[in-house]
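Spelled out from the first residue to the last, the chains are:
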Amino acid sequence: TAGITQAPTSQILAAGRSMTLRCTQDMRHNAMYWYRQDLGLGLRLIHYSNTAGTTGKGEVPDGYSVSRANTDDFPLTLASAVPSQTSVYFCASSDGTVNSPLHFGNGTRLTVT
Amino acid sequence: GDSVTQMEGPVTLSEEAFLTINCTYTATGYPSLFWYVQYPGEGLQLLLKATKADDKGSNKGFEATYRKETTSFHLEKGSVQVSDSAVYFCALHYSGGYQKVTFGTGTKLQVIP
(Lines give C-alpha, C1' and ligand atoms only; values in the text may rest on other atoms or scores of the structure.)
Protein backbone atom coordinates (compact mmCIF):
# COMPACT_ATOMS: atom_id res chain seq x y z
CA THR A 1 0.00 0.00 0.00
CA ALA A 2 1.26 3.51 -0.75
CA GLY A 3 0.38 5.09 2.60
CA ILE A 4 1.49 8.72 2.36
CA THR A 5 2.87 10.14 -0.87
CA GLN A 6 4.79 13.42 -0.86
CA ALA A 7 5.97 15.41 -3.85
CA PRO A 8 8.41 16.63 -4.88
CA THR A 9 11.19 14.60 -3.27
CA SER A 10 13.49 17.61 -3.30
CA GLN A 11 13.45 21.17 -4.53
CA ILE A 12 15.73 24.17 -4.74
CA LEU A 13 13.74 27.39 -4.52
CA ALA A 14 14.81 31.01 -4.86
CA ALA A 15 13.97 33.26 -1.95
CA GLY A 16 10.75 35.16 -2.49
CA ARG A 17 9.21 32.47 -4.71
CA SER A 18 6.16 30.47 -3.73
CA MET A 19 5.82 26.74 -3.65
CA THR A 20 3.30 24.07 -2.72
CA LEU A 21 4.38 20.78 -1.21
CA ARG A 22 1.92 18.03 -1.98
CA CYS A 23 0.76 15.27 0.37
CA THR A 24 -1.77 12.52 -0.35
CA GLN A 25 -2.81 9.60 1.85
CA ASP A 26 -4.77 6.48 0.95
CA MET A 27 -5.53 5.27 4.48
CA ARG A 28 -8.70 7.34 4.97
CA HIS A 29 -7.21 8.86 8.11
CA ASN A 30 -9.08 11.79 9.61
CA ALA A 31 -6.02 13.65 10.91
CA MET A 32 -3.07 14.98 8.92
CA TYR A 33 0.01 16.93 9.90
CA TRP A 34 2.96 18.82 8.49
CA TYR A 35 6.28 18.75 10.33
CA ARG A 36 9.66 20.19 9.57
CA GLN A 37 12.79 18.36 10.61
CA ASP A 38 15.94 20.28 11.38
CA LEU A 39 19.20 18.90 12.76
CA GLY A 40 19.32 19.21 16.53
CA LEU A 41 15.71 20.38 16.78
CA GLY A 42 13.85 17.18 16.05
CA LEU A 43 10.44 17.50 14.43
CA ARG A 44 8.30 20.59 14.86
CA LEU A 45 4.64 20.80 13.95
CA ILE A 46 3.73 23.43 11.36
CA HIS A 47 0.00 22.87 10.81
CA TYR A 48 -2.50 20.11 11.42
CA SER A 49 -5.98 19.09 10.34
CA ASN A 50 -8.29 16.98 12.50
CA THR A 51 -10.71 16.32 9.66
CA ALA A 52 -11.51 17.50 6.15
CA GLY A 53 -12.53 21.15 6.13
CA THR A 54 -10.63 22.11 9.31
CA THR A 55 -7.04 23.17 9.96
CA GLY A 56 -5.05 24.46 12.91
CA LYS A 57 -1.71 26.05 13.71
CA GLY A 58 1.09 24.08 15.22
CA GLU A 59 4.32 25.20 16.86
CA VAL A 60 5.92 26.99 13.87
CA PRO A 61 3.14 28.11 11.49
CA ASP A 62 4.52 31.49 10.34
CA GLY A 63 5.19 31.66 6.60
CA TYR A 64 3.14 28.54 5.85
CA SER A 65 -0.48 27.87 4.95
CA VAL A 66 -2.48 24.68 4.46
CA SER A 67 -5.86 23.57 3.19
CA ARG A 68 -7.87 20.37 3.61
CA ALA A 69 -10.50 20.24 0.89
CA ASN A 70 -10.92 16.47 1.18
CA THR A 71 -9.80 13.55 3.34
CA ASP A 72 -6.87 12.49 1.18
CA ASP A 73 -4.97 15.69 0.36
CA PHE A 74 -3.18 18.17 2.61
CA PRO A 75 -0.96 20.59 0.65
CA LEU A 76 1.47 22.95 2.35
CA THR A 77 2.14 26.32 0.71
CA LEU A 78 5.04 28.68 1.21
CA ALA A 79 3.83 32.03 -0.09
CA SER A 80 7.21 33.78 -0.17
CA ALA A 81 10.09 31.50 0.74
CA VAL A 82 12.95 32.61 3.00
CA PRO A 83 16.27 30.81 3.64
CA SER A 84 15.19 29.84 7.18
CA GLN A 85 12.57 27.60 5.59
CA THR A 86 15.33 25.35 4.28
CA SER A 87 14.45 22.03 5.89
CA VAL A 88 13.07 18.56 5.35
CA TYR A 89 9.29 18.56 5.41
CA PHE A 90 7.27 15.53 6.46
CA CYS A 91 3.58 14.96 6.03
CA ALA A 92 1.92 12.52 8.42
CA SER A 93 -1.51 11.09 9.11
CA SER A 94 -3.31 9.20 11.85
CA ASP A 95 -6.81 8.25 12.93
CA GLY A 96 -6.50 11.09 15.45
CA THR A 97 -6.74 9.08 18.67
CA VAL A 98 -4.04 9.52 21.27
CA ASN A 99 -2.83 5.92 21.16
CA SER A 100 -2.58 5.63 17.39
CA PRO A 101 0.76 6.08 15.64
CA LEU A 102 1.58 8.73 13.08
CA HIS A 103 2.25 7.43 9.55
CA PHE A 104 4.84 9.49 7.69
CA GLY A 105 5.70 10.12 4.08
CA ASN A 106 9.30 10.04 2.90
CA GLY A 107 9.71 13.79 3.06
CA THR A 108 10.49 16.74 0.80
CA ARG A 109 13.97 18.25 1.08
CA LEU A 110 13.65 21.97 0.40
CA THR A 111 16.55 24.36 -0.05
CA VAL A 112 15.78 28.08 -0.23
CA THR A 113 18.63 30.10 -1.73
CA GLY B 1 5.37 22.56 28.98
CA ASP B 2 5.68 18.97 27.87
CA SER B 3 9.11 17.89 26.69
CA VAL B 4 11.20 14.86 25.81
CA THR B 5 14.91 14.50 26.47
CA GLN B 6 16.94 11.87 24.68
CA MET B 7 20.56 10.95 25.07
CA GLU B 8 22.77 12.66 22.56
CA GLY B 9 24.25 10.64 19.78
CA PRO B 10 25.67 9.36 17.71
CA VAL B 11 25.88 5.99 19.39
CA THR B 12 28.29 3.55 17.77
CA LEU B 13 28.11 -0.13 18.68
CA SER B 14 29.55 -3.35 17.39
CA GLU B 15 27.17 -5.96 16.03
CA GLU B 16 25.57 -8.10 18.78
CA ALA B 17 26.22 -5.46 21.47
CA PHE B 18 23.55 -4.41 23.97
CA LEU B 19 21.74 -1.17 23.22
CA THR B 20 20.20 1.37 25.58
CA ILE B 21 18.90 4.74 24.40
CA ASN B 22 17.71 6.86 27.30
CA CYS B 23 14.51 8.88 27.14
CA THR B 24 12.98 10.95 29.91
CA TYR B 25 9.97 13.21 29.71
CA THR B 26 8.02 15.91 31.49
CA ALA B 27 4.30 15.99 30.95
CA THR B 28 1.06 17.13 32.46
CA GLY B 29 -1.52 14.40 32.55
CA TYR B 30 -0.91 10.87 31.30
CA PRO B 31 0.58 10.70 27.84
CA SER B 32 1.15 7.61 25.75
CA LEU B 33 4.81 6.98 24.95
CA PHE B 34 6.19 5.96 21.60
CA TRP B 35 9.46 5.13 19.92
CA TYR B 36 9.78 5.86 16.23
CA VAL B 37 12.64 4.86 13.93
CA GLN B 38 13.87 6.71 10.85
CA TYR B 39 15.99 4.94 8.25
CA PRO B 40 18.05 7.03 5.81
CA GLY B 41 15.95 8.81 3.22
CA GLU B 42 12.66 7.78 4.81
CA GLY B 43 10.04 9.16 7.14
CA LEU B 44 9.58 8.03 10.72
CA GLN B 45 7.80 4.77 11.40
CA LEU B 46 6.41 3.29 14.58
CA LEU B 47 8.77 1.01 16.45
CA LEU B 48 6.80 0.41 19.66
CA LYS B 49 4.50 2.09 22.13
CA ALA B 50 3.16 1.92 25.68
CA THR B 51 -0.08 3.58 26.67
CA LYS B 52 -0.02 3.47 30.48
CA ALA B 53 2.32 3.18 33.43
CA ASP B 54 4.24 -0.13 33.72
CA ASP B 55 3.26 -1.18 30.20
CA LYS B 56 6.08 -2.67 28.14
CA GLY B 57 6.17 -2.12 24.40
CA SER B 58 8.15 -4.50 22.22
CA ASN B 59 8.87 -5.06 18.55
CA LYS B 60 11.70 -6.57 16.46
CA GLY B 61 13.69 -7.35 19.63
CA PHE B 62 13.41 -3.80 20.97
CA GLU B 63 11.71 -3.13 24.30
CA ALA B 64 10.78 -0.12 26.42
CA THR B 65 8.87 0.13 29.70
CA TYR B 66 6.70 3.12 30.68
CA ARG B 67 8.12 4.16 34.08
CA LYS B 68 5.90 6.83 35.61
CA GLU B 69 7.94 7.08 38.82
CA THR B 70 11.12 7.98 36.93
CA THR B 71 9.32 9.58 33.93
CA SER B 72 11.37 7.42 31.60
CA PHE B 73 10.89 5.23 28.56
CA HIS B 74 14.34 3.85 27.77
CA LEU B 75 14.78 1.80 24.60
CA GLU B 76 16.73 -1.46 24.83
CA LYS B 77 17.78 -4.29 22.57
CA GLY B 78 19.85 -7.27 23.61
CA SER B 79 21.82 -7.78 20.39
CA VAL B 80 21.93 -5.11 17.70
CA GLN B 81 22.42 -5.77 14.01
CA VAL B 82 23.87 -3.62 11.25
CA SER B 83 20.32 -3.24 9.92
CA ASP B 84 19.34 -1.44 13.14
CA SER B 85 21.44 1.56 12.12
CA ALA B 86 18.97 4.45 12.06
CA VAL B 87 17.80 7.47 14.03
CA TYR B 88 15.50 6.74 16.97
CA PHE B 89 12.94 9.21 18.29
CA CYS B 90 11.15 9.09 21.62
CA ALA B 91 7.74 10.80 21.58
CA LEU B 92 4.80 11.73 23.80
CA HIS B 93 1.29 11.42 22.43
CA TYR B 94 -1.54 13.21 24.21
CA SER B 95 -4.83 14.95 23.55
CA GLY B 96 -5.08 18.71 23.37
CA GLY B 97 -7.65 19.72 20.77
CA TYR B 98 -5.76 17.52 18.38
CA GLN B 99 -3.45 14.53 18.66
CA LYS B 100 -0.46 16.37 20.10
CA VAL B 101 2.91 14.73 19.66
CA THR B 102 6.14 15.97 21.21
CA PHE B 103 9.30 14.44 19.79
CA GLY B 104 12.76 14.16 21.23
CA THR B 105 15.63 15.37 19.08
CA GLY B 106 16.55 11.87 17.96
CA THR B 107 19.50 9.57 18.65
CA LYS B 108 21.53 8.28 15.74
CA LEU B 109 22.66 4.66 16.08
CA GLN B 110 25.44 3.23 13.97
CA VAL B 111 26.14 -0.50 14.21
CA ILE B 112 29.43 -1.70 12.77
CA PRO B 113 30.13 -5.30 11.72
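Residues numbered from 1 in each chain as written. Chains lettered and ligands numbered in written order. Predicted model: local features only at pLDDT ≥ 70, side-chain atom pairs only at ≥ 80, totals over all residues. Heavy atoms only, no water.

Colleague: Please set out the overall build of chain A residue by residue, giving values where relevant.
Modeller: Helix and strand content of chain A: zero helices and eleven strands. Counting from the amino terminus, helix and strand elements in chain A follow one another as β-β-β-β-β-β-β-β-β-β-β. Against the compact-globule benchmark of 13 Å for 113 residues, chain A has a radius of gyration of 13 Å, which places it among compact chains. Its C-alpha atoms put chain A at 40 × 30 × 25 Å along the principal axes. Among the 113 residues that make up chain A, the fraction classed as buried is 49%. Here chain A has roughly 5,200 Å² of accessible surface; of this, 50% comes from carbon and sulfur atoms. When the 8 basic and 7 acidic side-chain charges of chain A are each reduced to a single mean position, those positions are 7 Å apart. (Helix = DSSP H or I, 4+ residues; strand = E, 2+ residues; numbered from the N terminus. Rg over C-alpha atoms; globule rule 2.2 N^0.38 Å. Buried < 20%, exposed > 50% of the residue type's maximum accessible area, 1.4 Å probe, protein only. Areas by Shrake-Rupley, 256 points an atom, 1.4 Å probe, with all protein chains shown as cover. Lys, Arg positive; Asp, Glu negative; His and termini not counted. Charge placed at Lys NZ, Arg CZ, Asp CG, Glu CD.)

Colleague: For the overall build of chain B, give the residues involved together with the corresponding values.
Modeller: Helix and strand counts for chain B stand at zero helices and twelve strands. In chain B, the succession of α and β elements from N to C terminus is β-β-β-β-β-β-β-β-β-β-β-β. Taken over the C-alpha trace, chain B has a radius of gyration of 14 Å; the compact-globule value for 113 residues is 13 Å, and the two agree within 12%. For chain B, the spread of C-alpha atoms along the three principal axes comes to 45 × 30 × 20 Å. Taken over 113 residues, chain B has a buried fraction of 45%. Considering only intrachain contacts with a sequence separation of at least 6, the fraction spanning at least 24 residues in chain B is 55%. Accessible surface for chain B amounts to roughly 5,300 Å². Of this, 47% is attributable to carbon and sulfur atoms. (Contact = heavy atoms within 4.5 Å.)

Colleague: Please give an account of the interface of chain B and chain A that cites residues and values.
Modeller: The partner chain A presents 22 residues to the 22 residues of chain B that form the contact. Taken together, both faces of the contact between chain B and chain A bury some 1,700 Å²; the carbon and sulfur share is 56%. Among the residues of chain B in contact with chain A, Tyr98, Gln99 and Phe103 of chain B are the three that bury the most area, contributing 36% of the side total. Scanning the region where chain B abuts chain A turns up zero salt bridges. (Buried area = accessible area lost by both parts, 1.4 Å probe. Salt bridge = Lys/Arg side-chain N within 4 Å of Asp/Glu carboxyl O.)

Colleague: Which residues make up the pairing of strand E1 (residues 3–6) of chain B, and what are the values?
Modeller: Residues and elements named next belong to chain B. The two faces of E1 differ: Val4 and Gln6 on one face are buried, but Ser3 and Thr5 on the other face are not. As defined by bridge partners, E1 adjoins strand E4 (residues 23–26) across four bridges and the pair is classed as antiparallel. Along E4, the bridge assignment pairs Thr5 with Thr24. (Pairing = 2+ DSSP bridges.)

Colleague: How would you summarise the sheet that holds strand E3 (residues 19–25) of chain A if you had to cite specific residues and measurements?
Modeller: Whether parallel or antiparallel, the strands of a sheet pair through hydrogen bonds between backbone atoms. Residues and elements named next belong to chain A. Ordered by their spatial adjacency, four strands build an open sheet running E1-E3-E8-E7, and the pairing between neighbours is antiparallel. Looking at the sheet topology across the chains shown, the edges are occupied by strand E1 (4–7) and strand E7 (64–66). Strand-to-strand twist across the sheet, computed as the mean angle between neighbouring axes with direction ignored, equals 20 degrees. Of the strand pairs in this sheet, E1 and E3 are connected by four bridges, and their pairing is antiparallel. Paired with Thr5 across the two strands is Thr24, which belongs to E3. (Axes fitted to C-alpha atoms, helices over the stretch in contact; angles between N-to-C directions.)

Colleague: Would you mind going over the state of the cysteines in detail, with residue names and values included?
Modeller: By definition, a disulfide links the sulfur atoms of two cysteines through a covalent bond. Taken as a whole, this structure holds two disulfides over all chains when the rule is applied. Here Cys23 of chain A engages in a disulfide with Cys91 of chain A; their sulfurs sit 1.9 Å apart. Between Cys23 of chain A and Cys91 of chain A, the S-S torsion sits near -70 degrees, and that sign places the bridge as left-handed. One end of the pair, Cys23 of chain A, is in strand E3; the other, Cys91 of chain A, is in strand E9 (residues 87–94), with 68 residues separating them in the sequence. A sulfur-sulfur distance of 2.0 Å marks the disulfide that ties Cys23 of chain B to Cys90 of chain B. Note on the Cys23 of chain B and Cys90 of chain B pair: the S-S dihedral is about -70 degrees, so by sign convention the disulfide is left-handed. Of the two residues, Cys23 of chain B sits in strand E4 while Cys90 of chain B sits in strand E10 (residues 86–95), which places them 67 residues apart along the sequence. (Disulfide = S-S within 2.5 Å.)

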